[in-house]
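Residue-level structure breakdown
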Amino acid sequence: MDKFNAIVIRENNNQLSFQREMIDLSMLSEGNVIVRVNYSSLNYKDMLAFQPNGGVVNNYPMIPGVDFSGEVVQSDDPEFVPGDEVLLTGYDVGVTHTGGFAEYARVPGKWLVHIPETMSMREAMIWGTAGFTAALAVEKLQQLGLKNPKARILVAGATGGVGSVAIALLKQLGFQSVTGLVHSGEREKTAREFGADHVITASRLDKDQKPLTSAKYDYAIDAVGGEVTSQILPTISYGGSVAITGNAGGTQLLTTVLPFILRAVSLVGIDSVAVDSDKRQWIWSLLASDWDITDQLQVTEIGIDQIPDEVAKIQSGHHTGRTIIKF
Ligand SMILES: NC(=O)c1ccc[n+]([C@@H]2O[C@H](COP(=O)([O-])OP(=O)(O)OC[C@H]3O[C@@H](n4cnc5c(N)ncnc54)[C@H](OP(=O)(O)O)[C@@H]3O)[C@@H](O)[C@H]2O)c1
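Cut-offs and rules
Residues numbered from 1 in each chain as written. Predicted model: local features only at pLDDT ≥ 70, side-chain atom pairs only at ≥ 80, totals over all residues. Heavy atoms only, no water. Salt bridge = Lys/Arg side-chain N within 4 Å of Asp/Glu carboxyl O. Helix = DSSP H or I, 4+ residues; strand = E, 2+ residues; numbered from the N terminus. Buried < 20%, exposed > 50% of the residue type's maximum accessible area, 1.4 Å probe, protein only. Near = heavy atom within 4 Å. Polar contact = N/O pair within 3.5 Å; in protein donor to acceptor, adjacent residues only side chain to side chain. Areas by Shrake-Rupley, 256 points an atom, 1.4 Å probe, with all protein chains shown as cover. Pairing = 2+ DSSP bridges. Axes fitted to C-alpha atoms, helices over the stretch in contact; angles between N-to-C directions. Parallel < 35°, antiparallel > 145°, perpendicular 65-115°, else oblique. Left-handed = near helix turned anticlockwise from the far one by under 90°. Contact = heavy atoms within 4.5 Å. Nonpolar A, V, L, I, M, F, W, Y, C, P; charged D, E, K, R; others polar. Phe/Tyr/Trp six-rings, centres within 6.5 Å; stacked < 30°, edge-to-face > 60°. Lys NZ or Arg CZ within 6 Å of the ring centre and 35° of its normal. Expected span 1.5 Å × (residues − 1).

Structural notes on the pattern of salt bridges
Taken as a whole and judged by the stated rule, the model has 10 salt bridges. Note that glutamate 30 and arginine 106 form a salt bridge whose closest N and O atoms lie 3.9 Å from each other. Placement of the pair is glutamate 30 in the loop between strand E2 (15–23) and strand E3 (33–41) and arginine 106 in strand E6 (residues 104–107), with a sequence separation of 76 residues. Since its relative accessible area comes to 14%, arginine 106 is described here as buried.

See below:
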């Protein structure tokens with residue numbers, strides 16, 4: 001483990017640069033477990049980490065990568081021994097703590113999850129942060145009453161990481177009316193390939209911002225945020241719920257209280273970063289069993305040198321589905 005490969009973002013005169021470097025353990029953040037990283041995955045937050053004003057990384061040099069799976073090689077945590085297969089999503093990894101875009105990671109053991117026996121390290125990153133978040137959103141909607149297979153469900157950001165996994169999961173669970181909301185018409189075909197029964201483009205949402213319109217959907221998972229969320233809320237039926245997971249399209253929410261007080265609509269937030277460890281372990285065991293759809297997801301596998309190009313695709317809106325990185 002003398003020297004190993006990592007993507008390092010450096011700052012010089014307010015300019016960011018990033019490249020593959022040979023580094024040693026001294027460049028990794030502190031932690032009581034060292035993991036030989038096998039896979040990481042690409043997420044929206046990684047794209048922000050590469051941007052000068054992305055709001056994700058403030059201290060440089062930084063190794064980005066908000067998730068990884070791999071094998072424990074050294075541990076001072078009694079919960080983990082060398083050879084254990086583990087995964088990590090969230091916490092400070094790839095943000096303030098050096099992340100998954102390296103052949104080794106050093107982290108606090110309490111952030112790690114044992115990979116369930118029936119899941120491989122590759123499958124763990126096919127889910128990755130985006131898939132774990134999609135699963136949290138589906139589970140939250142189930143808690144709020146999503147059960148009827150005929151429920152009309154809207155998934156906004158349908159061709160992205162969170163949205164594409166959410167669609168596949170909802171179809172696996174037997175929901176018959178899943179509508180994918182796409183940014184533009186050229187993504188309609190992709191959303192159908194990802195399993196959407198119907199597709200709507202963002203431009204076809206009601207731009208008049210009426211407080212309430214005809215009820216078209218019973219539930220929604222929204223990875224887009226901003227104007228799109230503002231336009232979804234008036235279309236939700238009585239007692240329905242919207243799980244908001246992201247802000248790929250904006251942060252400002254313009255709404256009235258009417259969907260909430262006249263239609264009893266719930267707007268719930270989904271966070272995957274600080275979920276407690278019992279819930280993490282439970283969701284991952286579900287993903288390894290009844291909810292396992294990894295063989296149905298469209299996955300692109302890349303190597304470390306392709307990371308910058310793939311990150312640029314997320315930034316320019318040319319990235320679809322899930323991308324995993326093999327180390
Ligand atoms: N809450 C959490 O813990 C958590 C976890 C993971 C991700 N997230 C957040 O969830 C969001 C999505 O993440 P992701 O990994 O799925 O990103 P992604 O793969 O880049 O997908 C984003 C999707 O949003 C679409 N989109 C962007 N702007 C849009 C607009 N104005 N109207 C309609 N669609 C629009 C994109 O379509 P085009 O490609 O066609 O533009 C793309 O399909 C991000 O904000 C991310 O930070 C949150």
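After that view of the structure, there is still more to cover.
Some thoughts on the site of the ligand
Near the ligand you find 25 residues, and of these Val162, His183, Thr245, Ile270 and Ser272 are the closest. Backbone polar atom of asparagine 247 to an oxygen atom of the ligand: 2.9 Å apart, as the coordinates give it. For the ligand, the protein covers 86% of the area, taking 920 Å² as the surface of the free molecule. For the shell around the ligand, the elements supplying multiple residues, two or more each, are helix H2 (121–143) and helix H3 (161–172).

Some details on the pairing of strand E5 (residues 85–89)
Within E5, four of the five residues are buried, which leaves it mostly tucked inside the rest of the structure. With five bridges connecting them, strand E4 (residues 67–75) and E5 associate as antiparallel partners. Bridge assignment links glutamate 71 to a residue of E5, and that residue is glutamate 85. As defined by bridge partners, E5 adjoins strand E7 (residues 113–114) across two bridges and the pair is classed as antiparallel.

Some points on the packing of H2 against H3
When two helices pack together, you describe them by how their axes are tilted relative to each other and by the distance separating the axes. Look at H2 against H3: their axes get within 8 Å of each other, and the N-to-C directions meet at 50°. Our classification of the angle between H2 and H3 gives oblique. As for the relative orientation of H2 and H3, their crossing is right-handed in sense. Residues Trp127, Ala130, Gly131, Thr133, Ala134, Ala135 and Val138 of H2 form the contact with H3, whose participating residues are Gly161, Val162, Val165, Ala166, Leu169 and Leu170. Its residues assigned to classes, the contact of H2 with H3 shows 10 nonpolar, three polar and no charged.

Focus: the packing of aromatic side chains
Following the criterion strictly, the structure yields four aromatic pairs and no others. Both rings, one in phenylalanine 18 and one in phenylalanine 50, keep their centres 4.6 Å apart while their planes meet at 85°; by these two values the pair is edge-to-face. Of the two residues, phenylalanine 18 sits in strand E2 while phenylalanine 50 sits in the loop between helix H1 (44–49) and E4, which places them 32 residues apart along the sequence. Ring centres of tyrosine 91 and tryptophan 111 lie 5.2 Å apart, and the angle between their planes is 5°; this geometry places the pair in the stacked category. On the criterion of sequence distance, the pair formed by tyrosine 91 in the loop between E5 and E6 and tryptophan 111 in the loop between E6 and E7 is long-range, its members being 20 residues apart. Assigned by exposure class, tyrosine 91 and tryptophan 111 land together as buried. Positioned above the aromatic ring of tyrosine 104 is the side chain of arginine 36, whose terminal nitrogen or guanidinium carbon lies 5.6 Å from the ring centre. It is lysine 326 that lies over the ring of tyrosine 39; its NZ or CZ is 5.0 Å from the centre.

Let's talk about H3
With 12 residues, H3 should cover 16 Å at 1.5 Å per step; its first-to-last C-alpha distance of 17 Å lies within 8% of that length. Judged by how many residues are buried, H3 sits mostly within the fold: 10 of 12 residues are covered. Among the residues making up H3, those that are buried are Gly161, Val162, Gly163, Ser164, Val165, Ala166, Ile167, Ala168, Leu169 and Leu170. Looking at the packing, one finds that the buried side of H3 touches H2, strand E8 (152–156), strand E9 (177–182), strand E11 (217–222) and strand E15 (322–326). One or two residues past the end of H3 sits glycine 174, with phi positive at roughly 95°.

Regarding the side chain of threonine 190
Along the polypeptide, threonine 190 turns up in helix H4 (residues 188–193). When neighbours within four sequence positions are excluded, threonine 190 is seen to be in contact with Thr159 and Thr320.

Quick word on unusual backbone geometry
The residue after tyrosine 60, namely proline 61, is reached through a cis peptide bond having omega -5°. Residue position: proline 61 is located in the loop between H1 and E4. A positive phi angle, close to 50°, is found at asparagine 13, a residue other than glycine.

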